[in-house]
Amino acid sequence: KKNEERGHQLYKMSNKILKHSKSKKDKEEAYQLLTKAADMGHLKAMEKLAAALLFGYHGPQNITAAVTLYETLAEKGSHKGQTALGFMFSYGIGMEYNQAKALVYYTFGSLGGNLISQMILGYRYWVGINVPRNCEAALTNYRKVAFFSKQSTLEKVRLMEKSENLSSNNDFLDWDVHQYYKFLAERGDTQIQVMYKAKILFSGKNVDFWGQDTFYYFLKAAKAGNTHGMAFLGKVRITFHEINLNYTEAFKYFHIAAEKGLADAQLQLGIMYHSGSGVRKDYKLAFKYFYLASQNGQPIAVYYLAQMYAAGTGVFRSCQNAVELYRSVCELGSWSEKFLTAYFAYQDGNIDSSLIQYALLAEMGYEVAQSNSAYILESGKRTLLLWNRAAAQGNAFARVKTGDYHFYGYGTKRDYVTAAIHYSLAVDHHIAQAMFNLAYMYEHGLGIPKDIHLAKRWYDLAAQTSPDASIPVFLARMKLEVNSPFLSQQFTSSWKMSKLDTILQPHWELFALVVIVILLVLLIRNR
């Protein structure tokens, strides 16, 4: 018992240091305390230490040690340990690649209440990964997760786009900002008054809120026509007992703000109609306002819409619509913060740490994470699997990559027919690379019947779609003419000098060099 108490104290001390300190030395000390607590058998310390070893948080990765800890945790009934083992079996990280065992561990983790396991199972049943496709099973899992998910505004950076615009500063309302907002509010800025008071009111932070001016701020902003002021005034009217409840007045303010397009006000009207609070219960009107709010980016409204589709309340029941809506809410969960840590690990050169974090998010069904994981791996069967999953969710770049893998036989047998299918699907998204690849396949009859006219057409479309394709297209067309002399007349008429001038002008030196090289090659060949 002494060991348990000591372990708990060490765990609390470690958490406190990690929460309040940013120096590397302090974090090392925190993890030393965490290691001692884990050695004493403290369950939460073991879970946190295992995650740090697996994902490389604040130190080097140690997969072997992570596996040992997670196996011990799973034996003790830890749903986090079971979920982690499922993930590691699914990718073959530190142990054999075994989808059957992965599914078993995910199932145990889900039964233990682990939200990540439930989201993974929801995605698997939705898509049909190692289980039969089952919309109702997907709905059950996603609904559990959506209930606990919170709004997240994190940007999900695609590594192939190499975005450099993300900042690691995630704080919004620290004390200095709080004082600055207060200063502007006291000077009479109604917009700042609303932001300042509303942020404190609904943030849950321990800041003294109930001053005499609070209600006055919202009222003044509402009278000035500020829609946020109206919405928050209505919210205060039906939420806080310090002010007399007044649904009629709340409805009035919500309705005015909703008509002006404020998503939060539309959400509140939807809730009032859905629950019959202060108005007659009307599911059709509730659905209308939830839909409007969802179109304006309000995630809680999406959750209510999912509930209505799942139950068939005020709308025809649709398992598919409910799953898609619940899933979009689930993807706003707190675990999406891993997109930040994975991206910064990638930027710092910690590729292995970044890959494992993206891989977990990919397992949960995030299309961006699937693309990023595949981008980092860039070869092998599992890379193709990730590209394929991302492509199935509408990622055109992933669709082209899937075609490339089948064309060249990376991680699978070479299959020109399948490659042509993927390129054809990518063409619908106006991807020049897919058009060029499809033209090449028509030119040589790879996987599709040989058709020089269609090859020409797709080459031309690639050049029109992207200026970067102009040089490759010109060279491909020249090669096509050399191999197909009977088309030279059509080539001359279709590629007029004005068109050539437009294409060649920025690159005329390069083209001149290319033409000279081609002529030399032809002269040498004909000697």
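Source: prediction; values computed, not measured.

J.: Honestly, the state of the cysteines in this entry has me stumped. Any pointers?
T.: Disulfide: a covalent bond formed between the sulfur atoms of two cysteine residues. Inspection of the entire model under this criterion finds one disulfide. The disulfide that involves C135 links it to C319, with 2.0 Å between the sulfurs. A torsion of -115 degrees about the S-S bond marks the disulfide between C135 and C319 as left-handed. Taken together, the residues span a long stretch of sequence, with C135 in helix α8 (residues 135-148) and C319 in helix α17 (residues 319-330) at a distance of 184 residues.

J.: Honestly, the side chain of Q266 in this entry has me stumped. Any pointers?
T.: Structurally, the position occupied by Q266 is in helix α14 (residues 263-275). On the accessibility criterion, Q266 (4% relative accessible area) is buried. Within the local environment of Q266, its side chain forms a polar contact with the backbone oxygen of A258, the two atoms lying 3.3 Å apart. Among residues more than four places away in sequence, those in contact with Q266 are A258, G261, Y289, L292, A293 and N296.

J.: Whenever I open this one, helix α15 (residues 283-295) confuses me. Can you help?
T.: Spacing of three or four residues puts side chains on the same side of an α-helix, whose turn is 3.6 residues. Helix length check: α15 (13 residues) gives 18 Å between terminal C-alpha atoms against 18 Å at 1.5 Å per residue, within 8%. Among the residues of α15, A286, F287, Y289, F290, A293 and S294 are the ones counted as buried. Its side-chain oxygen 3.1 Å from the backbone nitrogen of K284, D282 forms the N-cap of α15.

J.: Sorry if this is basic, but what is going on with the nonpolar core here?
T.: The nonpolar side chains of a soluble globular protein tend to be buried, and buried together. Grouped together as the largest cluster of nonpolar side chains are 104 residues, with contacts concentrated most on L54, Y70, F87, Y142 and Y326. Other than its neighbours up to four places away in sequence, L54 contacts Q61, I63, A66, Y70, F87, M88, I93 and I356. Listed in part, the 24 residues of the second largest apolar core include V427, F436, Y459 and A462.

J.: Could you clarify how one ought to interpret a nonpolar patch on the surface in this entry?
T.: On the surface, V104, F108 and L111 cluster together into a nonpolar patch covering about 330 Å² of accessible area. In this fold, F108 is placed in helix α6 (residues 99-111).

J.: Just to check I follow, could you spell out helix α18 (residues 338-347) for this structure?
T.: Within the span of α18, buried status applies to K338, F339, L340, A342, Y343 and A345. Structurally, α18 contributes buried residues whose contacts are with α3 (43-55), α19 (351-363) and α20 (367-377). Two residues or fewer after α18 comes G349, characterised by a positive phi angle close to 90 degrees.

J.: Help me understand the packing of helix α5 (residues 79-91) against α19 in this model?
T.: In a pair of packed helices, the angle between the axes and the distance between the axes together describe the arrangement. At a minimum axis distance of 11 Å, the contact between α5 and α19 shows a crossing angle of 100 degrees. The angle between α5 and α19 places the two elements in the roughly perpendicular class. Contacts between α5 and α19 involve F87, S90 and Y91 from the first element and I356, A359, L360, A362 and E363 from the second. In terms of residue class, the contact of α5 with α19 is built from six nonpolar, one polar and one charged.

Calculation criteria
- Residues numbered from 1 in each chain as written.
- Predicted model: local features only at pLDDT ≥ 70, side-chain atom pairs only at ≥ 80, totals over all residues.
- Heavy atoms only, no water.
- Disulfide = S-S within 2.5 Å.
- Helix = DSSP H or I, 4+ residues; strand = E, 2+ residues; numbered from the N terminus.
- Buried < 20%, exposed > 50% of the residue type's maximum accessible area, 1.4 Å probe, protein only.
- Polar contact = N/O pair within 3.5 Å; in protein donor to acceptor, adjacent residues only side chain to side chain.
- Contact = heavy atoms within 4.5 Å.
- Expected span 1.5 Å × (residues − 1).
- Core = buried A, V, L, I, M, F, W, Y, C linked by side-chain atoms within 4.5 Å.
- Patch = residues over 30% accessible without salt bridge, like charges linked within 9 Å, V, L, I, M, F, W, Y side chains within 5 Å.
- Areas by Shrake-Rupley, 256 points an atom, 1.4 Å probe, with all protein chains shown as cover.
- Salt bridge = Lys/Arg side-chain N within 4 Å of Asp/Glu carboxyl O.
- Axes fitted to C-alpha atoms, helices over the stretch in contact; angles between N-to-C directions.
- Parallel < 35°, antiparallel > 145°, perpendicular 65-115°, else oblique.
- Nonpolar A, V, L, I, M, F, W, Y, C, P; charged D, E, K, R; others polar.

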